[in-house]
Every structure is written in structure tokens, then in C-alpha cells.
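If you want the building blocks of each chain, they are given just below.
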Amino acid sequence: MRILLINVPHPAIGSRIPKEQLPPLGLLAVGGPLIDDGHEVSLLDGEFGPMRVDALVAEALRRAPEAVLFGHSGSSSGHPVIAEVAARIRAALPGVHIVYGGVHPTYFWREILRDEPQVDAIVRGEGEETARRLLAALETGGDLSNIPGVAFRRDGRPTATPAAPVILTLDDYRVGWELIDHRRYSYWGGKRAVVIQFSRGCPHLCNYCGQRGFWTRWRHRDPEKLADEIAWLHREHGVEVFNFADENPSAGRKPWLAFLRAIIARDLDITLVGSTRAGDIVRDRDDLHLYKRAGFERFLMGMESTDEPTLKLIRKGATANVDREAIRLLRKHRILSMATWVAGFDEQTDADFWRGLRQLVDYDPDQIQALYVTPHRWTPYYRLAEDRAVIQPDRRRWDYKHQVLAMKRVPPWRVFLWVKAIEFVCQARPKALARLIWRPDPKIRHATRWYYRMGRRVWFHEIMGFLFRDARVKDGRTVADHFGAVQDHEEEASAVPPRPPRLQVNAPMADA
């Protein structure tokens, strides 16, 4: 079957400002197994440009696909674009199969199949094995009800099969690196780059995060095999930067340290960047030299708040002292720290913003990323926020960089001022500027200056957006009014059981 993977242009600011693109790992991860099954697979990446919808659709039609697969890491904020592109492709190619996968469709399959007639089927959960089975069934006319982890229409009504089992051995499925031209993708200041994944899931129970629900359990790749893959990408394709997609790659200390040692043994001059928990950095305080020798230049640590009651509210399982110590340890080993700080919790006051600013300055991170609390349906936090008033109904703005919820005590304009002031003070205070001007490590100096160049552009762009582009409403509607009732992993794990088979799928399938 002729299959086209489409990565739509994402409306989020992060996709526009850097003028650098990373390859869509999720689509490549699905594409590899489909190629191995004998399908003719290609990727259309609309992030370059970014492509206008007209041009994206025209190129998709030129390739004359028999099936089109959509998926986007931006999830809810990317859905309106996916829906538009899919509708226009279906109008021009009535016989094409349109499949949609990712976090958003996994938890919104009922609404999508109800409201988007152009979508034929949805992959719920991780897609490598499910997509193989689904495309084989679509090609041969097989019964979709025999395939775990899909949603489709039966007699015109949305229905879903039970959740697919998790992939226990991640190395059983390869990434389709041959689908991209590595010369086109860059990050970290023009360096050739890819997104890589060591693990899936997270063992922790933070209620604003959907990692545990979507992936269900923490699993990791074979450390030696991933190190070999990274070495191959570096030596054969010139890839210099590897951006880890994992939320918590260091959750398993033994396999994580084995991976770091495997990378060191291959003697690669590469840059690694990723996310982790502050507690893991403190846990590994005696092994952080391995992080540096492997090539790590920055870790994003989701601190979310410097306020202990808020940390307890979101079940972060961390303390301010641990966060502060993690930053200190990273700096000691010449690894950049990026602290995320979230605004918009309902009970926050101006005094809380002021206290948060002072504590962030005391933490002294190298970089700061200020975000807005954004309740997504697949997270337990949605249950806490479903009655809160929505001031930004445009789903394209639900990207953590726009305030979407009203607060009881602080109006939106003042929340925005606080966020911009926190960003400015943290990045423009004398100590931070001194690090910008001089760092002894040339790679860290390059990374610091690149981040400031990008951050300056984003900062002014967001101010202009708030003043002139981002319409806000005050109509009393709540999160539940806009996006429906809670539908998290517990509900999704028990879907409609499949009918008895009517037609056996003939294509060979590996067990999940």
C-alpha cells in the first residue's frame, strides 16, 4: 500500500521562532515497521516553511497515497490543523484511508469520529504494532474489530476495541530514519539533529502529566542497541544533537547508567539534551561525570512550582530543596539546567507570583521556561480543573504557552505581566548575563548564546501576540463545557469488546 505520513505545520510558537526543525519521531517510529511490512511509505513534513495548508494538500495529492496517517506531538493544539488538512485530502481523494494517531485522538476518539467524517480510524495508544495491524486490515478489507487499540465507526457509530497491550520490548520496532533527509533538520544553533527515545512512561504520579496513563508503565530500550543507533546516526548521517523525547529517561538508575557508559565507550563528539527529574540528578550526584562525558549539555527539569503547597496539589513528589540542589550539581558538572515554572493555578495571587520570582532567582537556574497550567483530558489534573472558566477556547492555543484558564484573584493581563517579568528577571539579571558573556566550556557557551537569541525573539513575539492576536473570552463556560467530561486512561482501558471475526487478516503480524 502507498502510505503517506503527514506532519502538519504546528501553530505553537516554538515551531515558528527558532527556524530549526526536529524530525517527527512518532511518525518515523510508525513508518519503520510499515516499511518492513512491505508498504511504500513517505513522509511529508509541513513544518518546513512552514507549509501553507494549500501547498501541503497539493503535495499530498501529488503523491497519490492510498492511505494517509496523521499524528502530532503537539496533540490538542495541532488537532484543528490536522482536521482541516484531512478534510481537504478526503474531498479530493474520496477513496483514501485516513488514520489518526497520538495522545489527543486516543482520548478524543468519540468526538473525532462523530465530528470529523473524513477520519476513518484512530490508533489509540502507542502505534507501532497497532498501525501495522490496522493498515494490513485496511489493505485487505479485514475486520477492524479484531485489532486491539483502534477506534472506528460501526454502523455509523463510533466504537473502539479494547486497549492494545503495551510494547514490552521497544527494540522490536525500528525508527524509519530513511524517511528523512538529515541535512534538513537542525537544532541547538544550526547543528544537525534528531529526536531519540530511551524510555517510555514514568513511574511517578504527578497529576498534571499524562505519561503514566498513555504509556501505562516505564520501559526502556537496550542501552547498547540505542548507543549503537546513536553512533550510526552520528557517523553515517552527521547527526550532532540528540534530543531525548523521554519525560524521565533516568527513572531506572541501572539501565540509565549502563546507557551513559555505552555512549562513552563509543567515543562520540555529540550533544545530548533531555528532561529528567531533579530527584534523579541528586540521586546520581556521584555519577554526574558520566552524564557530562556522554555528552549531556542541558537538562530540563519540570519544577512546575517553587511553592510547596502547589507541589503537593499536583503530586509532584519533589521539594524545593531537591530542586535547588539539582541545579547546583548540574552547574558543578558544567551541564545547563532549565527550570520550568507554571503559572495559572487557581489560587495563585500576586504575592505568590512575587514569591515565585524570588525563589526562582534563589534557585539560580541557567535557563527558565515559564508555562501556563493547561488541563488536558488525559491527565488527572483535568478532574481538578474541569469546572474552571476558560478564557481561551481556541484549541490551537492550548500549547502551554498561552493562558487558557481564568484565575480567581489575578486578571489575565496581570498574569501575563508577571510571566514576562519572571522570564526577564531570571534571564537578564547580572549573574545570568555574566554567564552569557563568558563560560569556559565552548559547547556550553554556544548553547547559552543560542538560547538567548531564540528566547529574545520568542519573548517579544509573545508580547505582540497577547496584545494583538490572541482573543480572550469571558462567557462563563468551563473546561468541561468546552472539551467534555473526564475521559482518562482508566476509562480508555475498558472499551467496547470486539465482535467475533468476520474476515481474517492475511498479512503476517508479530505479537505485541
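Higher on the page you've got the structure.
The structure reproduced in this document is the subject of the present report. (Residues numbered from 1 in each chain as written. Predicted model: local features only at pLDDT ≥ 70, side-chain atom pairs only at ≥ 80, totals over all residues. Heavy atoms only, no water.)

## Description of the pairing of strand β13 (residues 271-276)
Here β13 lies mainly inside the structure; six of its six residues are buried. What you see with β13 is no split at all: T271, V273 and S275 on one side and L272, G274 and T276 on the other are buried throughout. Note: strand β12 (residues 241-244) against β13, three bridges, orientation parallel. In the sheet register, N243 faces β13, and the bridge partner there is V273. (Buried < 20%, exposed > 50% of the residue type's maximum accessible area, 1.4 Å probe, protein only. Helix = DSSP H or I, 4+ residues; strand = E, 2+ residues; numbered from the N terminus. Pairing = 2+ DSSP bridges.)

## With respect to the pairing of strand β3 (residues 67-71)
Most of β3 sits inside the fold, with five of its five residues counted as buried. Burial along β3 is two-sided: the face carrying A67, L69 and G71 and the face carrying V68 and F70 are both buried. The pairing of β3 with strand β4 (residues 97-101) spans five bridges and is parallel. Across the sheet, residue F70 finds its bridge partner in β4, namely Y100.

## Description of the layout of surface pockets
Estimates place the volume of the second largest pocket at around 690 Å³. Elements with a minimum of two residues in the lining of the second largest pocket: α3 (79-92), α16 (412-428) and α18 (442-469). The element that contributes the greatest number of residues to the lining of the second largest pocket is α18, accounting for five residues. (1 Å grid on protein atoms, 1.4 Å probe; cavity = no way out; pocket = protein on both sides within 12 Å on 5 of 7 lines; lining within 4 Å. Points joined across faces, edges and corners; volume = space filled by probe spheres on them.)

## Quick notes on helix α9 (residues 253-265)
For α9, spanning 13 residues, the distance from its first C-alpha to its last is 18 Å, which sits close to the expected 18 Å at 1.5 Å a residue. Of all the positions in α9, only P255, W256, L257, F259, L260, A262, I263 and I264 are classed as buried. A positive backbone phi angle near 55° is found at D267, which sits one or two residues after α9. (Expected span 1.5 Å × (residues − 1).)

## Some thoughts on the side chain of E297
Take E297: it is sitting in strand β14 (residues 296-304). Overall, the relative accessible area of 3% leaves E297 in the buried class. In this structure the side chain of E297 is engaged in a polar contact, spanning 3.4 Å, whose partner is the side chain of K443. Contact partners of E297, with chain neighbours within four places excluded, come to W188, T271, L272, I335, L336, K443, I444 and A447. (Polar contact = N/O pair within 3.5 Å; in protein donor to acceptor, adjacent residues only side chain to side chain. Contact = heavy atoms within 4.5 Å.)

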